[in-house]
Each structure stands twice: as structure tokens, then as C-alpha cells.
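Coordinates in review
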Amino acid sequence: MADKDNSRESPLFDEQNDVIGNEENSLILHDDDVHTFDYVIQCLIDICEHNTVQAEQCTFLVHYKGKCEVRKGAFDYLRPMKQGLIDKGLNATID
């Protein structure tokens, strides 16, 4: 069985959860009829540190399903990302 610390991909994500006590929240991006795919993709890359493929997939899910979980983590870790998306004119919530 793999070591728990080696099974996760993002060290920042792990560190943040360890500080808060493994609290899991979801940053949700909601659909709108204003922004282009390219704009949303670039916002996800810049703000949520997605790679290009991940940002494209999330953007398509938002468009076709109405919303998409773009990041998981502790509330304090997600809050600046949520504000960054809102500052770019996108609709985001933390659930």
C-alpha cells in the first residue's frame, strides 16, 4: 500500500489541510453567459493553478452542467482563489 503522503499530488493542498485539520471544502465555479471559454480557462490557470487540460475540462463542465468543483481544500486556502475568480467577474462559491 502506498504511503499516504506520497499518494497526493499537491504539497500545498496537503499542508493547508494539515494545518486546518483535514477540513474539506469545495470551490465551485458557476456558469454565466458573459465570459468566453478562453477567458475562463486563463482565469483557472492563473488563479487556481490548473494546467491547461484541467482548466479546459472544468470550463466545459461549467458550460454544460452549470457548475464545476474546481478545487478542494481548507476554507482559508480556497478563500483567496474564490475572491480572485470573483474579481475577474466570474461566479464562484465555497461549499
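Just above sits the structure.
Below or above, wherever it landed, is the structure these notes cover. Treat the numbers as computed from the prediction; the structure is a model and nothing was measured.

So, the nonpolar core
Leu 27, Leu 29, Leu 44, Cys 48, Val 70 and Leu 85 are the most contacted members of the largest nonpolar core, which totals 21 residues. Every element with two or more residues in this core is listed here: β1 (25-30), α2 (37-48), α3 (52-65), β2 (67-73), α4 (75-87) and β3 (91-94). The greatest single-element share of this core, amounting to six residues, is contributed by α2. Aside from chain neighbours lying at most four places away, what touches Leu 29 is Val 40, Leu 44, Val 62, Gly 66, Lys 67, Cys 68, Val 70, Leu 85, Leu 90 and Asn 91.

A word on the sheet that holds β1
Strand order across the open sheet formed by three strands is β2-β1-β3, with antiparallel pairing between neighbours. The sheet terminates laterally at β2 and β3, the two strands that pair on one side only. Strand-to-strand twist of the sheet, defined as the mean angle between neighbouring strand axes without regard to direction, takes the value 25 degrees. Here six bridges tie β1 to β2, and the two strands are oriented antiparallel to one another. Residue Ile 28 lies in a different strand from β2, and its bridge partner there is Glu 69. The sheet strands contacting α3 are β1 and β2, and the helix crosses β2 at an angle near 135 degrees.

A closer look at a nonpolar patch on the surface
Together, Phe 37, Phe 60 and Tyr 64 make up a nonpolar patch on the protein surface, roughly 340 Å² of accessible area in all. Residue position: Phe 60 is located in helix α3.

About the thresholds
Residues numbered from 1 in each chain as written. Predicted model: local features only at pLDDT ≥ 70, side-chain atom pairs only at ≥ 80, totals over all residues. Heavy atoms only, no water. Core = buried A, V, L, I, M, F, W, Y, C linked by side-chain atoms within 4.5 Å. Buried < 20%, exposed > 50% of the residue type's maximum accessible area, 1.4 Å probe, protein only. Helix = DSSP H or I, 4+ residues; strand = E, 2+ residues; numbered from the N terminus. Contact = heavy atoms within 4.5 Å. Pairing = 2+ DSSP bridges. Axes fitted to C-alpha atoms, helices over the stretch in contact; angles between N-to-C directions. Patch = residues over 30% accessible without salt bridge, like charges linked within 9 Å, V, L, I, M, F, W, Y side chains within 5 Å. Areas by Shrake-Rupley, 256 points an atom, 1.4 Å probe, with all protein chains shown as cover. Salt bridge = Lys/Arg side-chain N within 4 Å of Asp/Glu carboxyl O.

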